[in-house]
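Summary of structural features
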Amino acid sequence: KTIFVSGATGFIALYVVNDLLQSGYKVIGSVRSQDKADRLSKQFKYNQNLSFVIVPDIAKAGAFDEAFEKFGKEISAVIHTASPFHFSTTEYEKDLLIPAVNGTKGILESIKKYAATFVERVVVTSSYAAICDFASDSDKTNTFTEESWNMVTWEEAKGDALTAYCGSKTFAEKEAWDFLESNKDTVSFKLTTINPVFVLGPQLFDENVSSQLNTSCEHVNNIVHSTPESKLDEVLFGGYIDVRDVSKAHQLAFERENLAGQRLILSEGRFTLQDIADTINADFPELRGKIVVGKPGSSKEKLSSIAKLDNSKTKALLGFKFKTFREAVDDTTAQILKMEKK
Ligand code: NDP
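Structural notes, computed from the coordinates. (Residues numbered from 1 in each chain as written. Predicted model: local features only at pLDDT ≥ 70, side-chain atom pairs only at ≥ 80, totals over all residues. Heavy atoms only, no water.)

A few points about the site of the ligand
Threshold: The cutoff for a nearby residue is simple: one of its non-hydrogen atoms must lie within 4 Å of the molecule or strand. For the purposes of these results, a polar contact is taken to be a pair of N or O atoms within 3.5 Å, where, inside protein, one atom must be able to donate a hydrogen and its partner to accept one; residues adjacent in sequence count only when each atom of the pair is a side-chain atom. Accessible areas in this description were obtained via Shrake-Rupley with a 1.4 Å probe; residue shielding takes into account the shown protein chains only. Segments assigned H or I by DSSP are reported as helices when at least four residues long, segments assigned E as strands when at least two residues long, and all are numbered from the N terminus. Under the convention adopted here, Pro, Cys and the residues Ala, Val, Leu, Ile, Met, Phe, Trp and Tyr are nonpolar, Asp, Glu, Lys and Arg are charged, and Gly plus all remaining residues are polar.
The environment of the ligand is formed by 25 residues, the closest being Thr9, Lys36, Tyr165, Lys169 and Val199. Between the ligand and the protein, one listed contact pairs an oxygen atom with a backbone N or O atom of Gly10 at 3.2 Å. Here Ile12 contributes a backbone N or O atom positioned 2.9 Å from an oxygen atom of the ligand. The fraction of the free accessible surface of the ligand (900 Å²) that becomes covered by protein chains is 88%. Looking at the shell around the ligand, the elements with two or more residues in it are helix 1 (11–22), helix 7 (161–182) and strand 8 (198–200). Considered class by class, the residues forming the shell around the ligand number 12 nonpolar, nine polar and four charged.

In structure tokens, the structure reads:
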């Protein structure tokens with residue numbers, strides 16, 4: 001069977017590609033340039049089951065047409081991970097909202113045009129950001145589940161980078177469910193969305209560790225490179241999940257019948273930056289005295305004052321145990337230190 005993975009260069013997608021290859025699937029990955037394809041081919045040791053298509057910009061209409069015209073008949077499942085995840089822009093609509101929405105709409109349109117009867121399953125990497133907004137997540141009286149939706153409007157999403165990113169994930173996921181509803185007589189695929197909280201964990205390839213990591217792992221990287229004088233952002237909190245579990249869920253999402261039609265919230269618990277600092281200080285004696293300490297143990301109080309996240313439905317559906325916060329933070333930190341030879 002052949003699986004199409006968009007955004008194959010991404011932090012999460014690299015694990016997905018790797019797991020699929022190890023399970024014996026053929027993988028077609030979309031990347032933005034030939035250079036990126038060449039680098040990945042080499043990293044995956046020229047695996048014969050891995051090939052690439054070049055899709056320079058998912059925001060462009062028809063971006064995936066060529067790929068599906070050529071290979072659509074071979075593809076049985078599509079995993080759409082490509083979407084901008086950074087806050088380094090002031091053009092929120094152009095750089096965050098539009099690529100996310102057009103990318104999702106575009107890949108589904110291409111499936112409809114060229115592979116409507118061949119693609120059986122589609123998995124879209126959405127986000128916990130499509131489940132709730134930050135204000136509601138700070139309200140202790142709320143409980144979020146797989147039924148919840150972020151109520152952000154397009155207008156609000158144009159206001160700042162963080163809201164724009166959350167909006168981009170919300171509108172892109174809505175696009176996917178709406179597309180399926182309007183085209184259910186034409187396409188044969190079933191849809192599953194994966195809605196992860198902050199994804200932590202090591203990079204698949206050690207050599208991909210650079211001074212700046214992907215947006216979610218950068219929180220760990222910042223603390224590893226902090227000083228005793230650094231301040232922890234006390235406002236930031238979130239859920240955590242290990243990238244290796246996120247990858248596993250993407251694969252099960254198209255393999256298992258019981259996951260069709262579901263939104264899966266991937267979260268193993270909640271954390272603050274203080275928890276990252278506490279874990280690193282406890283487990284890496286070589287960093288003690290060199291990095292921020294904050295107020296050890298103070299995160300409990302913060303976490304008891306925020307909304308609850310109930311993803312028991314997802315956990316029951318998936319049926320495997322997620323990695324712990326400690327494993328995720330320690331493995332991320334150990335890899336950074338190894339590559340910096342600290
Ligand atoms: P990365 O930034 O590592 O991956 C993003 C991928 O999308 C890259 O392959 C990138 O290509 C591609 N991409 C972005 N914009 C475009 C564009 N305009 N045209 C073509 N390709 C594009 O992040 P992650 O691996 O963390 O994220 C993957 C997915 O998971 C995203 O959909 C993200 O929203 C979602 N997610 C991530 C979470 C996390 O904590 N990491 C949490 C919840 C959801 P390139 O490398 O060439 O720029």
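Brief notes about the packing of aromatic side chains
Put simply, the rule is: Aromatic pairing here means that ring centres of Phe, Tyr or Trp (its six-membered ring) are within 6.5 Å. Orientation follows from the plane angle: under 30 degrees is stacked, over 60 is edge-to-face, and everything else is tilted. Exposure classes here rest on a 1.4 Å probe applied to the protein chains alone. A residue is buried below 20% of its type maximum, exposed above 50%, and partly exposed in between. As a reminder, the over-ring test applies to NZ of lysine and CZ of arginine, requiring each to be within 6 Å of the ring centre and within 35 degrees of the ring normal.
According to the stated counting rule, one finds 13 aromatic pairs in the structure shown. Consider the rings of Tyr25 and Phe254, whose centres lie 5.4 Å apart with planes at 70°: the pair is edge-to-face. Here Tyr25 is found in the loop between helix 1 and strand 2 (26–31), whereas its partner Phe254 is found in helix 9 (residues 243–255), with 229 residues between them in sequence. For the residue pair Tyr25 and Phe254, the accessibility class agrees, reading buried in each case. With 5.6 Å between their ring centres and 35° between their planes, Phe271 and Phe325 make a pair best called tilted. Of the two residues, Phe271 is situated in strand 11 (residues 269–272) and Phe325 in helix 13 (residues 325–339); the sequence distance between them amounts to 54 residues. An identical accessibility class is assigned to Phe271 and Phe325; each is buried. One aromatic cluster is present, formed by Phe198, Tyr240, Phe271 and Phe325 through successive ring pairs. Seen from the ring of Trp149, Arg263 lies directly overhead, with NZ or CZ sitting 3.8 Å from the centre.

Some details on the pattern of salt bridges
Here is the rule we go by: The salt bridge criterion pairs a side-chain nitrogen of Lys or Arg with a carboxyl oxygen of Asp or Glu, the two atoms within 4 Å.
According to the stated counting rule, one finds 17 salt bridges in the structure shown. Glu257 serves as the salt-bridge partner of Arg121, at 3.7 Å between the closest nitrogen and oxygen. A residue pair is termed long-range when its members are at least 10 positions apart, and Arg121 in strand 5 (residues 121–125) and Glu257 in the loop between helix 9 and strand 10 (263–266) qualify at 136 residues. We classify Arg121 as buried; its relative accessible area is 7%. For Glu257, a relative accessible area of 53% gives the class exposed. Counted as one network, the salt bridges with shared partners bring together Arg121, Lys190 and Glu257.

Structural notes on the packing of helix 1 against helix 9
Applied cut-off: Here an angle of 0 to 180 degrees is reported between the N-to-C directions of two axes, which are lines fitted to C-alpha atoms, with helices fitted over the stretch in contact. An angle counts as roughly parallel when it lies under 35 degrees, as roughly antiparallel when it exceeds 145, as roughly perpendicular when it falls between 65 and 115, and as oblique in every other case. Left-handed describes a crossing whose near helix is turned anticlockwise from the far helix by less than a right angle; the clockwise case is right-handed. The criterion used for residue contact is that any of the two residues' heavy atoms lie within 4.5 Å.
Running from amino to carboxyl end, helix 1 crosses helix 9 at an angle of 55°, the nearest separation of the two axes being 9 Å. Viewed along their axes, helix 1 and helix 9 adopt a mutual orientation that is oblique. The crossing of helix 1 and helix 9 is right-handed. Between helix 1 and helix 9, the residues in contact are Phe11, Ile12, Tyr15, Val16, Asp19 and Leu20 and Val243, Arg244, Val246, Ser247, Lys248, His250, Gln251 and Phe254, respectively. Taken together, the residues of the contact of helix 1 with helix 9 break down into eight nonpolar, three polar and three charged.

Observations regarding the sheet that holds strand 3 (residues 50–54)
Here is the rule we go by: Pairing between strands is defined by DSSP: at least two bridges between the two strands are required.
Here seven strands make up an open sheet; going across it, the order is 3-2-1-4-5-7-10 and the pairing parallel. What marks the edges here is a single partner per strand, and that holds for strand 3 and strand 10. On average, each strand axis in the sheet is inclined to that of its neighbour by 20°, with strand direction left out of account. Direction of pairing for strand 1 (residues 2–6) relative to strand 4 (residues 75–80): parallel, over a ladder of five bridges. Within the sheet, the bridge partner assigned to Thr2 lies in strand 4 and is Ile75. Sheet strands touched by helix 1: strand 1, strand 2, strand 3 and strand 4. Its angle to strand 1, the strand with the most contacts, is close to 170°. Of the strands in this sheet, strand 5, strand 7 (190–196) and strand 10 are in contact with helix 7, which crosses strand 7 at around 165°.

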